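Okay, here's what each chain looks like letter by letter:
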Amino acid sequence: MLTRKQHELLMFIHERMKESGIPPSFDEMKDALDLRSKSGIHRLITALEERGFIRRLPNRARALEVIKLPDSMNPSLGGRKARFEPAVIEGNLGKVAAPPVRPAAPVVNADSYRAVTIPVMGRIAAGTPIEAIQTHSHTIMVPPEMLGPGEHYALEVRGDSMIDAGIFDGDTVLIKKQDAASTGEIVVALVDDEEATLKRLRRRGNSVALEAANPAYETRIFPPDRVKVQGRLVGLLRKY
């Protein structure tokens, strides 16, 4: 069941594409629905996507697919519903709404950003070390305000050794790719080219310490040639 505004927006987009093949702008949609701000349009688009009427196309900027119309718009033919052919809308709608995961991050003004797609590179241990970082498994969309310049990737956390730093099992951490870090920073460390772990880096004379944020875990100390920094923690996403 769609609200009146959700139904109006869906039909406005559909009719505009039938007429001209050109998607309406956010300003046009806002004016057509008599809304005060474009943030209302963002919320309606998200609601339509959650209800299965539209779908954002992955890895394509500013693209949206209309999957279906309300049942009342699909008259039956011989006892069957008429087939609806999806229409792809090329406009400024893609990569705007909230990412698939729900972050515990600050709320970002929906008018002000276009989400950034970054790869999820497998799992990282925050506890007993696991095997080295895996290959690219999928992607997530992140507000650019959570990132800075440079190349980034994400990892899924397994373990509880960093809970006192606010990092829990099941979280997704955002990592800036770099091969050096300052003492005290939380990093992805690769030990002996075999073990990947998320720990706070400490330099102790000629040694490197990988420090947990949980008193149940001991600090591990290595010669510097056994530890390679793979990146630095810059953000975190959490599902509730």
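Everything numeric here is computed off the predicted structure, so don't read it as measured data. (Residues numbered from 1 in each chain as written. Predicted model: local features only at pLDDT ≥ 70, side-chain atom pairs only at ≥ 80, totals over all residues. Heavy atoms only, no water.)

Regarding the pairing of strand β11 (residues 186–191)
Put simply, the test is: Three labels apply to residues, based on accessible area from a 1.4 Å probe with only protein chains included: buried if under 20% of the type maximum, exposed if over 50%, partly exposed otherwise in between. Elements are defined by DSSP. Helices are runs of H or I of four residues or more, strands are runs of E of two residues or more, and each kind is numbered from the N terminus. Pairing between strands is defined by DSSP: at least two bridges between the two strands are required.
Counting buried positions along β11 yields 6 of 6 residues, so the element is predominantly enclosed. Here β11 shows two buried faces, one formed by Ile 186, Val 188 and Leu 190 and the other by Val 187, Ala 189 and Val 191. Of the pairings in the sheet, the one linking β11 to strand β12 (residues 195–204) comprises 6 bridges and is antiparallel in character. The residue of β12 that forms the bridge with Val 191 is Glu 195. What sits between the antiparallel neighbours β11 and β12 is a turn of 3 residues, in which Asp 192 has the positive phi angle 55 degrees.

Quick word on the environment of Leu 147
The cut-off we apply is this: For this analysis, residues touch if any pair of their heavy atoms sits within 4.5 Å.
The topology assignment puts Leu 147 in the loop between β8 (138–142) and β9 (152–158). Take Leu 147: its relative accessible area is 15%, and that puts it in the buried class. Sequence separation between Leu 147 and Gly 235 is 88 residues, and the spatial gap between their C-alpha atoms is 7.4 Å. Setting aside residues up to four positions removed in sequence, Leu 147 forms contacts with Val 116, Ile 118, Val 142, His 152, Leu 174 and Val 234.

As for unusual backbone geometry
The phi dihedral of Asp 34 falls on the positive side, at around 60 degrees, and the residue is not glycine. Take Asp 34: it is sitting in the loop between α2 (26–32) and α3 (38–50). With relative accessibility at 66%, the residue Asp 34 sits in the exposed group. Non-glycine residue Asp 193 carries a positive phi angle of around 60 degrees. Within the secondary structure layout, Asp 193 lies in the loop between β11 and β12. Since its relative accessible area comes to 47%, Asp 193 is described here as partly exposed.

Examining the environment of Arg 202
Let me state the cut-off plainly: Contacts described as polar in this section are N or O atom pairs within 3.5 Å, which, within protein, must combine one atom able to donate a hydrogen with one able to accept it, while residues neighboring in sequence count only if both atoms come from side chains.
In this structure, Arg 202 sits in strand β12. In this structure, the C-alpha to C-alpha distance between Arg 202 and Ile 221, residues 19 residues apart in sequence, is 9.1 Å. Every residue in contact with Arg 202, bar those within four places of it in the chain, is listed here: Thr 183, Gly 184, Ser 207, Val 208, Ala 209 and Glu 211. A distance of 3.3 Å separates a polar atom in the side chain of Arg 202 from a polar atom in the side chain of Glu 211.

Some words on the environment of Leu 210
Position of Leu 210 relative to the elements: it lies in strand β13 (residues 207–211). For Leu 210 and Leu 198, which are 12 residues apart along the polypeptide, the C-alpha to C-alpha distance reads 8.5 Å.

A few points about α3
The line we're drawing: Given a helix with a known number of residues, its expected span is that number minus one, times 1.5 Å.
Under the 1.5 Å per step criterion, the end-to-end length of α3 is 19 Å for 13 residues, consistent within 8% with the ideal 18 Å. Residues of α3 that are buried: Ser 39, Gly 40, Ile 41, His 42, Leu 44, Ile 45, Ala 47 and Leu 48. Where α3 ends, the next residue or the one after it, Gly 52, has phi of about 85 degrees, a positive value.

Some details on the packing of aromatic side chains
Keep this limit in mind: Whether two aromatic rings pair depends on their centres lying within 6.5 Å, for rings of Phe, Tyr and Trp, where Trp uses its six-membered ring; planes under 30 degrees apart make the pair stacked, over 60 edge-to-face, and the rest tilted. The rule for a charge over a ring is simple: NZ of Lys or CZ of Arg within 6 Å of the ring centre, and within 35 degrees of the ring normal.
Taken as a whole and assessed by the stated rule, the structure comprises 0 aromatic pairs. Above the ring of Phe 53, the side-chain terminus of Lys 68 is found at 4.8 Å from the ring centroid.

Notes on the pairing of strand β6 (residues 116–125)
Walk down a regular strand and you will see the side chains alternate between the two sheet faces. As judged from the 5 bridges shared by β6 and β8, these two strands associate in the antiparallel manner. Looking at the pairing, Ile 118 lines up with Ile 140 of β8. Across 4 bridges, the pairing between β6 and β9 is parallel. Among the inter-strand pairings, Val 120 is bridged to a residue of β9, identified as Ala 154.

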